[in-house]
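Residues per chain are reported as follows:
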Amino acid sequence: MPYDPETATFLIAGPVRIHPRVLRAMSTPSLNHRGEYFHGIVAEIRELLPVLFGTQGAQVVLSGSGTSGLEAVYSSLLRRGERTITVSNGNFGERTDAICRRYCEQVTTVSAPWGQPLPVERIREELARGDVRALCVVYNETSVGLRNDLAAIAPDVRKAGALFLVDGISAVAGIPCPIGEWGIDALVAGSQKGLAAPAGLAMVHLSERAVGELRPATFYLDLAEHLKSLANNDTPWTPAVPLFLALLEALRLLQEEGLATRLERTRAMALASRAAVAALGLELFPDPAHASDTVTAVRNPPGLDDARLRKVLAERYQVLLQGGQGALKGKIFRIGHMGIANWADLLVTFAGLERILAHAGRLPSPGAGLGAISAGMPSAG
Ligand code: PLP
């Protein structure tokens, strides 16, 4: 049976599966985005954004994918001649660096090989050298399935008086983001990840300090304009109306589940996935102590072609996983288990992987992967 996107198990690292309620919310006739009804939609979105970020504060929604949120933050808060530190240990860390270099001429890049933990000591040294306007970092490095240890550097960022600007695109509503405790000045979320809304919106949380220091260098992504409009339940330019309707329904679903419950569920699925990977004799790509709870990245077993593995999974078992990016193409595959992914998704995914490994004569212990998933499921009591 060919892969059927309408019914398949869809576990790429985002976009993620969208709940039918969210899909239905978009099926409306065109709305007047300056009319009373749409202002009501925006008002409700504003009320619910703190559920997503786990805190109150200045929060905006931008029509544009996650990168629009990053560009809005860096273009508004960096200064051309003031030093910015960027941190990179994966594809999106490199992207952070590339965006920052458009808006700042004094960028210091601190990097580690893809999949390795943050070089915390080197970051501390750079911060201690002084004159740092901002530190820009990816919290959850989707490309390598790694969670960066922001708790370890947060106190140093504060001590240095630098702005702490965080790409939380595959972290928000997936792993805890203690904005206040860490002193995060800007946190960017993407609609298509932990929130399980369609791709195409970025949500940004800003600290009071960040709001006070906005000096927008772009027109469309002018965060000050967005904040001003939002105070009147409006948007400065024509918003992506159907996506706003979807966002509201996805926020309602998150509120019904509760942020803490979604984070716990995501973590439980991550722990079970990692246990199942080990039970199948496979290896995680990132340092296991820093493995992400929203994306599990697995090394392709020797002799098993990545494209073939994922094709068999898709066409024979109706499971879509994601390959590696850049230099990791063909070397890893990634399982996204965030948003509304569920245990049934993991069971069929690991059942399919077991069949593929068995066919290749590489399955150490039949049923062990499935056993690890079921052992991770909530107790029946
Ligand atoms: N940063 C991270 C950590 C991501 O995972 C992604 C997308 O996967 C991006 C940035 C880019 O976001 P978008 O493709 O929505 O612009």
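For the structure, check the block above.
Here the structure is a predicted model, which is why all the values come from computation and not from measurement.

Draft legend 1. Region of interest: the site of the ligand. The environment of the ligand is formed by S65, G66, T67, F92, V138, N140, T142, D167, I169, Q192 and K193. Side-chain polar atom of T142 to an oxygen atom of the ligand: 2.4 Å apart, as the coordinates give it. Side-chain polar atom of D167 to a nitrogen atom of the ligand: 2.6 Å apart, as the coordinates give it. Of the residues in the shell around the ligand, the class split is three nonpolar, six polar and two charged.

Draft legend 2. Region of interest: the packing of helix α13 (residues 343-359) against helix α14 (residues 368-376). Contact pair α13 / α14: the axes reach a minimum separation of 8 Å and the direction vectors enclose 165 degrees. By the angle class used here, α13 and α14 are roughly antiparallel. Considering only the axes of α13 and α14, their crossing is right-handed. Taken together, the residues of α14 that come into contact with α13 (itself represented by W343, L346, L347, F350, A351 and E354) are A368, G369, L370, I373 and G376. When its residues are assigned to classes, the contact of α13 with α14 shows eight nonpolar, two polar and one charged.

Draft legend 3. Seen up close, the sheet that holds strand β3 (residues 83-88). A sheet is described by the order of its strands in space; here seven strands give the open sequence β2-β10-β9-β8-β5-β3-β4, paired in mixed fashion. Edge positions in the open sheet fall to β2 (58-63) and β4 (107-111), since each of these has one partner strand only. Along the sheet, successive strands turn relative to each other by an average axial angle of 20 degrees, direction set aside. Note that β2 and strand β10 (residues 201-206) share six bridges and pair antiparallel. When the bridges of β10 are listed, L62 appears paired with A202. Sheet contacts for helix α6 (residues 150-159): β5 (132-138) and β8 (163-167); angle to β8, the most-contacted strand, approximately 155 degrees. Helix α10 (residues 241-257) rests against β2 and β10 of the sheet, and its axis sits at about 60 degrees to β10.

Draft legend 4. Here's a closer look at the sheet that holds strand β11 (residues 295-299). Read across the open sheet, the three strands follow the order β11-β14-β13; overall the sheet is antiparallel. Every other strand in the sheet has two partners, leaving β11 and β13 (322-323) as the edge strands with one partner each. Here five bridges tie β11 to strand β14 (residues 332-336), and the two strands are oriented antiparallel to one another. The residue of β14 that forms the bridge with T296 is I335. Against the sheet, helix α12 (residues 306-317) contacts β13 and β14, and its axis sits at roughly 35 degrees relative to β14.

Draft legend 5. Up close: the packing of aromatic side chains. Considering all chains together, one arrives at three aromatic pairs under this definition. A ring pair is formed by Y139 and W182, whose centres lie 5.5 Å apart and whose planes are at 80 degrees; its orientation type is edge-to-face. Residue Y139 is found in the loop between β5 and β6 (140-141), and its partner W182 is found in helix α7 (residues 179-182); the two are separated by 43 residues along the sequence. Neither Y139 nor W182 differs from the other in exposure class; each is buried.

Draft legend 6. Broad picture of α12. The end-to-end C-alpha separation of α12 is 16 Å, in line with the 16 Å expected for twelve residues at 1.5 Å each. Among the residues making up α12, those that are buried are D306, L309, V312, L313 and A314. On its buried face, α12 sits against β12 (319-320), β13, β14 and α13. At the exit of α12 stands Q318, carrying a positive phi of roughly 60 degrees.

Draft legend 7. Here's a closer look at the nonpolar core. L52, L135, F164, L165 and M203 are the most contacted members of the largest nonpolar core, which has 86 residues in total. Broken down by element, the residue count for this core peaks at eleven residues, all from α10. Those residues in contact with L135, other than ones at most four positions away along the chain, are I85, V87, I123, L127, I153, V157, A162, L163, F164 and L165.

How each quantity is defined
- Once a new chain begins, its residue numbering starts again from 1 and follows that chain's sequence as written.
- It should be noted that, the model being predicted, local features are given only for residues of pLDDT at least 70 and side-chain atom pairs only at 80 or more, the latter also being counted only at that level, while totals for whole chains, interfaces and linings use all residues.
- Working from all heavy atoms in the structure, the side-chain values ignore hydrogens and water.
- Definition of nearness: a residue and a molecule or strand are near each other if at least one heavy atom of the residue lies within 4 Å of the molecule or strand.
- For this analysis, a polar contact is any N or O atom pair within 3.5 Å, provided that within protein one partner can donate a hydrogen and the other can accept it, and provided that sequence-adjacent residues contribute only side-chain to side-chain pairs.
- Following the grouping adopted for this structure description, the nonpolar residues are Ala, Val, Leu, Ile, Met, Phe, Trp, Tyr, Cys and Pro, the charged ones are Asp, Glu, Lys and Arg, and the polar ones are all others, Gly among them.
- Helix axes are fitted only over the stretch in contact, all axes being lines through C-alpha atoms; the angle between N-to-C directions runs from 0 to 180 degrees.
- We count a stretch as a helix when DSSP gives it H or I for four or more residues in a row; a strand needs E for two or more, and each element gets its number in order from the N terminus.
- Geometric relationships in this document are graded by angle, where less than 35 degrees denotes roughly parallel, more than 145 denotes roughly antiparallel, 65 to 115 denotes roughly perpendicular, and other angles denote oblique.
- The crossing is said to be left-handed when, going from far helix to near helix, the turn is anticlockwise and less than a right angle, and right-handed when the turn is clockwise.
- We call two residues in contact whenever any of their non-hydrogen atoms come within 4.5 Å of each other.
- Two strands pair if DSSP finds at least two bridges between them.
- The aromatic pairing rule takes the rings of Phe, Tyr and Trp, using the six-membered ring of Trp, and pairs them if the centres are within 6.5 Å, calling planes under 30 degrees apart stacked, those over 60 edge-to-face and the rest tilted.
- Exposure is judged per residue with a 1.4 Å probe applied to protein chains only, and the accessible area is read against the type maximum: over 50% gives exposed, under 20% gives buried, and values in between give partly exposed.
- Here the expected span of a helix is defined as 1.5 Å times the quantity of residues minus one.
- Here, nonpolar core means buried Ala, Val, Leu, Ile, Met, Phe, Trp, Tyr and Cys residues that are tied together by side-chain atoms lying within 4.5 Å of each other.

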